[in-house]
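Inside the fold
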Amino acid sequence: MKAEEKPANLSKKRRKKVRNPHHFSPKTNIIMTVLLGLSAFLCIFPFLYVIIISVSSEESLIRYGYKLIPEEWSLDAYSYLWNMRGQLFQSFGISLLVTILGTVISVLMITMYAYAISRPQFRYRGFFTFFAFFTMLFNAGLVPLYIVMNQFLDLRNTIWALILPLAMNAFYIIIMRTFFVRSIPEAILESARIDGASEWRIFFKISVPLAVPGIATIALFSTLGYWNDWFHALLFIDDPNLVPLQALLMRIENNLEFIRQNTELGGAVQEIYATVPQDAAKMAMVVIATLPIALTYPFFQKYFISGLTIGGVKE
Amino acid sequence: MKKFFRNLWENRTWLLMVLPGTLWFILLAYIPMAGNVIAFKEYTIHPEGFIASIIHSDWVGFDNFKFLFSTSDAWVITRNTILYNLVFILLGLALAVALAILLSQLANKRLAKVYQTGMLFPHFLSWVVVSYFVFSFLSMDKGLFNNILESLGMSGISWYHEPEYWPYILTSMNVWKTVGFSSIIYLAAIAGINRDYYEAAMIDGASKWQQIKHVTLPALMPLMVILTILDIGKIFRADFGLFYQVPRDSGTLYSVTNVIDTYVYRGLMQMGDISMTTAAGLYQSMVGLILVLLTNYIVKRIDKDYALF
Amino acid sequence: MKKVFGLFILFAILLLAACSDDNASGESDGKDSDDVVELQWYMIGTPQPDTDKVMEELSDYTEEEIGVRVNMTQIDWGDYEERMRIITSSGENYDIAFVSGGTYTLNAQRGAYVGLNDLLDSHGKDVKEALHPDLIEGASIEGELYGIPANKEIGNQSVLVFNDNLVEKYGFDTESIETFADLEPMLEEIKNNEPSFSPISAASMFRPVMPFDYVLGWNMPVVFPFNGDTETAVNLLETDEAMETFKVMRDFYQKGYVPSDAASSTDPWPYNVENWFVRIEGYNPYAELLWERDAGYPVKVQPLTDPIINNEAVTGSLMAISATSKHPEEAMEFLNLLNTDPFARNLVNYGIEGEHYEKNEDGKIVNLPARGERYSVPQYALGNHFILDLFENDPDDKWEAFQEFNDSGVRSPSLGFHFDPSPVRTEIANVSNVASEFMPPIFTGSVDPEEHVPMAIERYNEAGLQTVIDEVQKQYDEWKETVGE
């Protein structure tokens, strides 16, 4: 909305009368709309499928496999989830808390870092770029990471164990740096400096607002990253009260894999199997773990789909 | 020396900005990185803890790397990893950029948003879940595809035993899962392009295609180059879930599904040898590092502005 | 500028919080206990809401008895192995951990556990007495025991389990079945008349029963034959018995008795879905009662082998004391108590009486809802079975039957031989890959053995299987000498 109002006053009238020249011609537009619509459908389709499976009866799933139209409908999966709502709500809360807190922290750290290494005035920018970049290539060993988190910082079984490991990301830093380089003309900053603004003030008042699409992108990635992360919970969390939603799901998958690989356990396997949610319930969990985060997307989207954010602040 | 401190002082604002990140990198990336030394040792456990364990473990040189090279599988996994990744990088780049441009051009903004949200969905489904879904299509006797083939009077295909289809299946699954997500970066970059450029182009009578070619693509170029360089650094790492879960670990498909990561997993699952796991990771990193430096060097020669550092 | 300061203060607080947390918990470890040692115990299984509560109860008891408190941390089934690998490798200080199978041997060889021979004599006399001698002998690595095995069934017995409804319907004589191949006529009848049933339930881990001892685990084709020359390690695929079995499987597969996607299937074939006719299971006394309870319909059991006492059977469930433990003696005392004291063992297994279970007039256990919801733990992993109270529907002679089963066990020649893979790590990694490529399709009959077995043999040899076999043979011969003396 806002972005639409921003274009320079001159073009405003013209845009009312004729079609927006930044878009396709009507004919291409129709073709593209259909084409993109199809691909979008292909992307959503499996998710719809997941929903369908979650409302199929377990018996029919085992007997007939996954069907687009189930042999037998059932809401058992959701009543199963309702029975474990305590854990689900708890996990949902943890996921939410970690995602929000984590995104704020990581966006802040990443933006500052990327901004500094994007400035030509920064004498050591080359070093710090490589310093960040190098971490992308070399995996930190899992065991040493565990020791740092567990024995140095003692963060095991705290939400910081879920937040900290994802707080920085060299990949995002480099993307962000590109955004800063491309979207902030040095001339603007120069004039601000002449006005006597400090670098921090320039950073927060001028550079950050100019780089909003980039920041929104990083924030989105970060949000998705935190929400989807199960690995660090697997490493650092034993307390059931701190297990995020995706880790809950992943544990079920891991347990199934365990059963598959340990059939020789005999009786015990059937015992474990009884405790693992069955397919329909699993899919129902996928639904509740996916929908909320997918629906946050439009919130970020408004910062970069309609464009023209930069036109508004041109001198 | 004095000059060094003066320089530090002059750069204090910037140094302060990178400080939190730097601390993080030291603590959670560089210190743990030192653990890679066990790739050259046969790790045994010492009661005094990790450091003592490392010190007391025997040096074995490159022994831990050997398993990656000692059989004809070495060729298969290296070939598969590199070829798949190359295809993924090129196809992914082209489709993500195309998608971003198309979406940004759609007249109906609301629809564009809906589409885009939809295209993000695959990103949320784990490969395990995707593998169930693929199985429901490809299962031999219950699968949708075989049902269709049979109803057309053809005989069913045992998908999980026929390697020839899998390069296409894996490539399309990868594209399906990643393109919606990676187009976001380009969408954001397009949003940052100053519209004056387009208006100038239009005044010059440029067609839509020409505008894309002369305004949008050049503006996206730096990002495209950088992301590609970064991807090349990961060319020796394969997406484990895609190559393990989606083909359901079916042995008869290994000639086209076995990649470095799955090979390492299957080889070390039983022994749980962390020295060898680390060695494999280090090998992947080293190749990645060399390739990145090389690509970056070439890019630098062509256009200094596009290089990573 | 204020904002900036705010930021750094925030960051500093985070760091501080992290550090101070460190101190706090470090102190509390010591403070909490005063003089009482608290043992850290890792256990496999889904974390239960009431674990801490039960441990509190247990600790009160153990503090009185042996002066230690216990803290059990459960790690979910599928995560346990990976987590423990990291915990162990990181040299974390803990006391007791559940461990099983090959991991036990490898960890012991790498020095992760305390050798228990002396500790058993000084602090674990009772448990040493309670354990079946084959358990101790079989689980000892080069004469040293590194974990207390759970005293339960000690033999691996493969049985055929039939869906009894179908057996009755067609009047099959299951007792005449001696080998897998004998099933043919039954499978044919089921295949022809019962389209909604899978004649054989098989998934990718399916292993037809063959008279071999898999010394390196099910996934590795290095075996000692049970018949004939039992002292010579061979490649499973090069034996005639294996080829015979594979041909039978191939025949069954082509006739549609095996599910067509078995080789890549992950289907666990739960009992409660009645869609199968026959399956292979590992047996222990009265296991059929358990299966029937899950199934809700009758099953019938027909043994294929004797109970075989081999390494796999005796290392199925152990509790090891970490080399990093500061209190190995107390840990041993606790394991001694857990495996010999009925109160402690039942408490850990069933939870708190009156809350998680109650006893009926026969003194048998009746689960209360809270047990299923809040304290459901794996019995097989928690120690001695013979001192457990019986369930309401358990037969009275359950443990006697276990004893009998154990006494009837046949010792495998390689019982107690633990291979040290470190000289051939490279080969094993390569062979493992060949195994996962070729074995499931061959075992399930999905491919023609006459074509694929030679292919597999060639690939195995390229991967260095012969080196592994030679090393196994060498170590076996050396081991045999030490045992003989």
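Above this text is the structure in question.
Predicted model, so just to flag it, every value in this text is computed and none were measured.

1. Re the interface of chain A and chain B
Contacts between chain A and chain B engage 107 residues on the former and 98 residues on the latter. Carbon and sulfur atoms supply 75% of the area that chain A and chain B bury against each other, a total of about 9400 Å² over both sides. On inspection of chain A and its partner chain B, the count reaches 0 salt bridges. Counting across the chain A and chain B interface gives 11 residue pairs in polar contact (both at pLDDT 80 or more). A per-element tally of the side of chain A that touches chain B places helix H3 (residues 26–54) of chain A first, with 15 residues. Residues of the side of chain A that touches chain B, tallied by class, amount to 70 nonpolar, 23 polar and 14 charged.

2. Some remarks on the packing of helix H10 (residues 208–233) of chain B against helix H14 (residues 274–302) of chain B
Residue and element names in this part refer to chain B. Two elements in contact, H10 and H14, have axes separated by 7 Å at closest approach and are oriented at 155°. On the basis of the axis angle, H10 is roughly antiparallel to H14. Contacts between H10 and H14 involve Val225, Ile229, Ile232 and Gly233 from the first element and Gly288, Leu291, Val292, Thr295, Asn296 and Val299 from the second. In terms of residue class, the contact of H10 with H14 is made up of 6 nonpolar, 4 polar and no charged.

3. Some remarks on the sheet that holds strand S8 (residues 198–200) of chain C
Residues and elements named next belong to chain C. Strand order across the open sheet formed by 4 strands is S8-S12-S7-S13, with mixed pairing between neighbours. Each edge of the open sheet is held by one strand with a lone partner, namely S8 and strand S13 (299–303). Geometrically, the sheet is characterised by an average inter-axis angle of 30° between neighbouring strands, direction not taken into account. The pairing of strand S7 (residues 157–163) with S13 spans 5 bridges and is classified as antiparallel. Each residue of the ladder has a partner; that of Val161, found in S13, is Val301.

4. What to know about a nonpolar patch on the surface
A cluster of nonpolar side chains, namely Leu68, Ile69 and Trp73 of chain A together with Leu144, Phe145, Ile148, Leu152 and Met154 of chain B, defines an oily patch on the protein surface of about 810 Å² accessible area. Along the chain, the position of Phe145 of chain B falls in helix H7 (residues 144–151).

5. Here we look at the environment of Leu253 of chain B
Residues and elements named next belong to chain B. Position of Leu253 relative to the elements: it lies in the loop between helix H11 (240–244) and helix H12 (254–257). Counting along the chain gives 99 residues from Leu253 to Met154, while the straight-line C-alpha distance between them is 23 Å. Leaving out residues up to four positions away in the same chain, Leu253 has contacts with Trp159, Tyr160, His161, Glu162, Pro163, Trp166 and Pro247.

6. Let's talk about the packing of aromatic side chains
Here the structure, examined in full by the defined rule, presents 84 aromatic pairs over all chains. For the pair Phe258 of chain A and Trp77 of chain C, a centre-to-centre distance of 5.6 Å together with 35° between the ring planes defines the contact as tilted. Of this pair, Phe258 of chain A sits in helix H15 (residues 245–261) while Trp77 of chain C is found in helix H3 (residues 77–89), placing the two residues in two different chains. Judged by relative accessible area, Phe258 of chain A falls into the buried class, the value being 14%. Considering the side-chain rings of Trp41 of chain C and Phe334 of chain C, the 5.3 Å spacing of their centres and the 70° angle between planes classify their relative orientation as edge-to-face. Placement of the pair is Trp41 of chain C in strand S1 (residues 37–44) and Phe334 of chain C in helix H13 (residues 328–340), with a sequence separation of 293 residues. Side by side, Trp41 of chain C and Phe334 of chain C carry an identical accessibility label, which is buried. One residue, Lys234 of chain B, lies across the ring of Phe171 of chain A, its end atom 5.1 Å from the ring centre.

Conventions used here
Residues numbered from 1 in each chain as written. Chains lettered and ligands numbered in written order. Predicted model: local features only at pLDDT ≥ 70, side-chain atom pairs only at ≥ 80, totals over all residues. Heavy atoms only, no water. Contact = heavy atoms within 4.5 Å. Buried area = accessible area lost by both parts, 1.4 Å probe. Salt bridge = Lys/Arg side-chain N within 4 Å of Asp/Glu carboxyl O. Polar contact = N/O pair within 3.5 Å; in protein donor to acceptor, adjacent residues only side chain to side chain. Helix = DSSP H or I, 4+ residues; strand = E, 2+ residues; numbered from the N terminus. Nonpolar A, V, L, I, M, F, W, Y, C, P; charged D, E, K, R; others polar. Axes fitted to C-alpha atoms, helices over the stretch in contact; angles between N-to-C directions. Parallel < 35°, antiparallel > 145°, perpendicular 65-115°, else oblique. Pairing = 2+ DSSP bridges. Patch = residues over 30% accessible without salt bridge, like charges linked within 9 Å, V, L, I, M, F, W, Y side chains within 5 Å. Areas by Shrake-Rupley, 256 points an atom, 1.4 Å probe, with all protein chains shown as cover. Phe/Tyr/Trp six-rings, centres within 6.5 Å; stacked < 30°, edge-to-face > 60°. Buried < 20%, exposed > 50% of the residue type's maximum accessible area, 1.4 Å probe, protein only. Lys NZ or Arg CZ within 6 Å of the ring centre and 35° of its normal.

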